[in-house]
Amino acid sequence: MGVMDFFTSLAGVAAPLFLIASPILSYADQAMSMHRAKSSAGFSLDIPLIMLVASIFRIFFYPGAKYDVALLVQSFVNVFMQVILLKIALDNRPSSSSRGGDAGIPFTAPHEGLTGFSRPLNFWRWRSSKPYWQFLLGLTVALLVLELLISPFDSIYPAYSSLTGVIGLSVEATLPLPQLYINAQSGSCRGFRFSLLASWIAGDSMKMFWFFTSESEIPLAFKLCGVFQAMCDALIGVQYFIYRNRAAPVKAQKDWELAETTSSSNWQTPVGRRTPSTSVGEKSYH
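Residues numbered from 1 in each chain as written. Predicted model: local features only at pLDDT ≥ 70, side-chain atom pairs only at ≥ 80, totals over all residues. Heavy atoms only, no water.

## Concerning empty space enclosed by the protein
So, point 1. Applying the stated criterion to the full structure yields three cavities of 30 Å³ or more.
So, point 2. Taken as a whole, the largest cavity holds about 340 Å³ of empty space.
So, point 3. Those elements that place two or more of their residues in the lining of the largest cavity are helix 1 (3-37), helix 2 (46-65), helix 3 (69-91), helix 5 (157-173), helix 7 (194-213) and helix 8 (220-243).
So, point 4. The residue inventory of the lining of the largest cavity, partitioned by class, reads 13 nonpolar, eight polar and five charged. (1 Å grid on protein atoms, 1.4 Å probe; cavity = no way out; pocket = protein on both sides within 12 Å on 5 of 7 lines; lining within 4 Å. Points joined across faces, edges and corners; volume = space filled by probe spheres on them. Helix = DSSP H or I, 4+ residues; strand = E, 2+ residues; numbered from the N terminus. Nonpolar A, V, L, I, M, F, W, Y, C, P; charged D, E, K, R; others polar.)

Below is the structure:
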């Protein structure tokens, strides 16, 4: 057996096990950090949103694609971990009166100070925790109903199944984008946990090697979205080494306060985007 054959065989065993465990390895530290600090300041609620939506779509992609079982198991583990992470983040959101600490970052309120972007119906920025769980339950039920209704029709089911996979994997590929934007806008990586960045980059390396050498079924959509995500993670790594010793700029803090003043009637805490607080506690990121 040649050296390449050895590494291919090793990756065929190690990569699936690593992928299955990666949601826990990547986010357990983040969850414990927020729990200990009793604050989710610096953590983006968009991360559970992206990962939960992507994983739910991936699960419903499996009946039509029959891709490698390790990827299916990873999706279920991801749902489990992200539900826990979302619960901890929602239970420990900073109060609306918080000040200081990390600068306010985009997607914070109906009149965001840095981007002016407004989410329809304040999507995923609700004050109450209940709508978050209602949305996830509604999405799961809707996909289950569609699966049961469309799967008997062989003429359209393959196209529907492929569309489900493309949506799920495309959503997952956007995971690094919020953090890339946050870092670029603030010129800082404060609140960025190196342990998670390291696990992402290590996971990307192993995943890419396995995707392109495995003899099991790995759909092209997995490979394309995996390459895109690996490139984004590499850019975050570059940002980390450029910005890691910089503090969040004062101007961004002033913009955050201005956003509160201009939308006092329907302002809500910018949970998940380096939310200002008097004490951030431990570093947290992504």
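## Considerations on the packing of aromatic side chains
So, point 1. For the structure shown, the criterion picks out 15 aromatic pairs.
So, point 2. For the pair phenylalanine 123 and tryptophan 124, a centre-to-centre distance of 6.0 Å together with 40° between the ring planes defines the contact as tilted.
So, point 3. On the accessibility criterion, tryptophan 124 (0% relative accessible area) is buried.
So, point 4. Centroid distance tryptophan 126 to tyrosine 132: 5.1 Å. Interplanar angle 75°. Geometry classified as edge-to-face. For the residue pair tryptophan 126 and tyrosine 132, the accessibility class agrees, reading buried in each case.
So, point 5. Positioned above the aromatic ring of tyrosine 62 is the side chain of lysine 66, whose terminal nitrogen or guanidinium carbon lies 6.0 Å from the ring centre. (Phe/Tyr/Trp six-rings, centres within 6.5 Å; stacked < 30°, edge-to-face > 60°. Buried < 20%, exposed > 50% of the residue type's maximum accessible area, 1.4 Å probe, protein only. Lys NZ or Arg CZ within 6 Å of the ring centre and 35° of its normal.)

## Comments concerning helix 6 (residues 177-186)
So, point 1. Within helix 6 the residues assigned to the buried category are Pro178, Gln179, Leu180, Ile182, Asn183 and Ser186.
So, point 2. Along its buried surface, helix 6 packs onto helix 2 and helix 8. (Contact = heavy atoms within 4.5 Å.)

## Notes on the packing of helix 3 against helix 4 (residues 130-150)
So, point 1. Contact pair helix 3 / helix 4: the axes reach a minimum separation of 11 Å and the direction vectors enclose 160°. Comparing the axis directions of helix 3 and helix 4 gives the class roughly antiparallel. Between helix 3 and helix 4 the crossing geometry is right-handed. Residue-level contacts link Val83, Leu86, Lys87 and Leu90 of helix 3 to Tyr132, Trp133 and Leu136 of helix 4.
So, point 2. Grouping the constituent residues of the contact of helix 3 with helix 4 by class yields six nonpolar, no polar and one charged. (Axes fitted to C-alpha atoms, helices over the stretch in contact; angles between N-to-C directions. Parallel < 35°, antiparallel > 145°, perpendicular 65-115°, else oblique. Left-handed = near helix turned anticlockwise from the far one by under 90°.)

## Things to note about the pattern of salt bridges
So, point 1. Overall, the coordinates contain five salt bridges when judged by the stated rule.
So, point 2. For the salt bridge of aspartate 46 with arginine 119, the shortest nitrogen-to-oxygen distance reads 2.9 Å. Placement of aspartate 46 in helix 2 and of arginine 119 in the loop between helix 3 and helix 4 is noted, with a sequence separation of 73 residues between them.
So, point 3. For aspartate 46, the salt bridge is made with arginine 125, and the minimal N-O distance between the two is 3.5 Å. Taken together, the residues aspartate 46 in helix 2 and arginine 125 in the loop between helix 3 and helix 4 connect sequence positions 79 residues apart. Each member of the pair, aspartate 46 as well as arginine 125, carries the same accessibility label: buried.
So, point 4. Residues participating in the shared-partner salt-bridge network are Asp46, Arg119 and Arg125. (Salt bridge = Lys/Arg side-chain N within 4 Å of Asp/Glu carboxyl O.)

## As for the environment of leucine 197
So, point 1. Here leucine 197 is to be found in helix 7.
So, point 2. Overall, leucine 197 belongs to the buried group, its relative accessible area being 2%.

## Let's talk about helix 7
So, point 1. An ideal rise of 1.5 Å per residue puts 28 Å on 20 residues; helix 7 measures up with 29 Å between its terminal C-alpha atoms.
So, point 2. Turning to helix 7, its buried residues are Leu196, Leu197, Ser199, Trp200, Gly203, Asp204, Lys207, Met208, Trp210 and Phe211. Projected onto a plane normal to the axis of helix 7, the buried residues spread over an arc of 165° and lie on a single side. (Expected span 1.5 Å × (residues − 1). Arc of directions from axis to C-beta.)

## Thoughts on a nonpolar patch on the surface
So, point 1. On the surface, Leu137, Val141, Val145 and Leu149 cluster together into a nonpolar patch covering about 370 Å² of accessible area.
So, point 2. The residue valine 145 is located in helix 4 in this model.
So, point 3. Overall, the relative accessible area of 41% leaves valine 145 in the partly exposed class. (Patch = residues over 30% accessible without salt bridge, like charges linked within 9 Å, V, L, I, M, F, W, Y side chains within 5 Å. Areas by Shrake-Rupley, 256 points an atom, 1.4 Å probe, with all protein chains shown as cover.)

## Let's talk about the nonpolar core
So, point 1. Grouped together as the largest cluster of nonpolar side chains are 39 residues, with contacts concentrated most on Tyr27, Leu45, Leu86, Trp124, Tyr132, Leu143 and Leu175.
So, point 2. At the level of elements, helix 1, helix 2, helix 3, helix 4, helix 5, helix 7 and helix 8 are the ones that each hand at least two residues to this core.
So, point 3. Ranked by the residues each element gives to this core, the list is headed by helix 2, at nine residues.
So, point 4. Discounting chain neighbours no more than four positions away, the residues touching tyrosine 132 are Leu45, Leu86, Leu90, Arg93, Trp124, Arg125 and Trp126. (Core = buried A, V, L, I, M, F, W, Y, C linked by side-chain atoms within 4.5 Å.)

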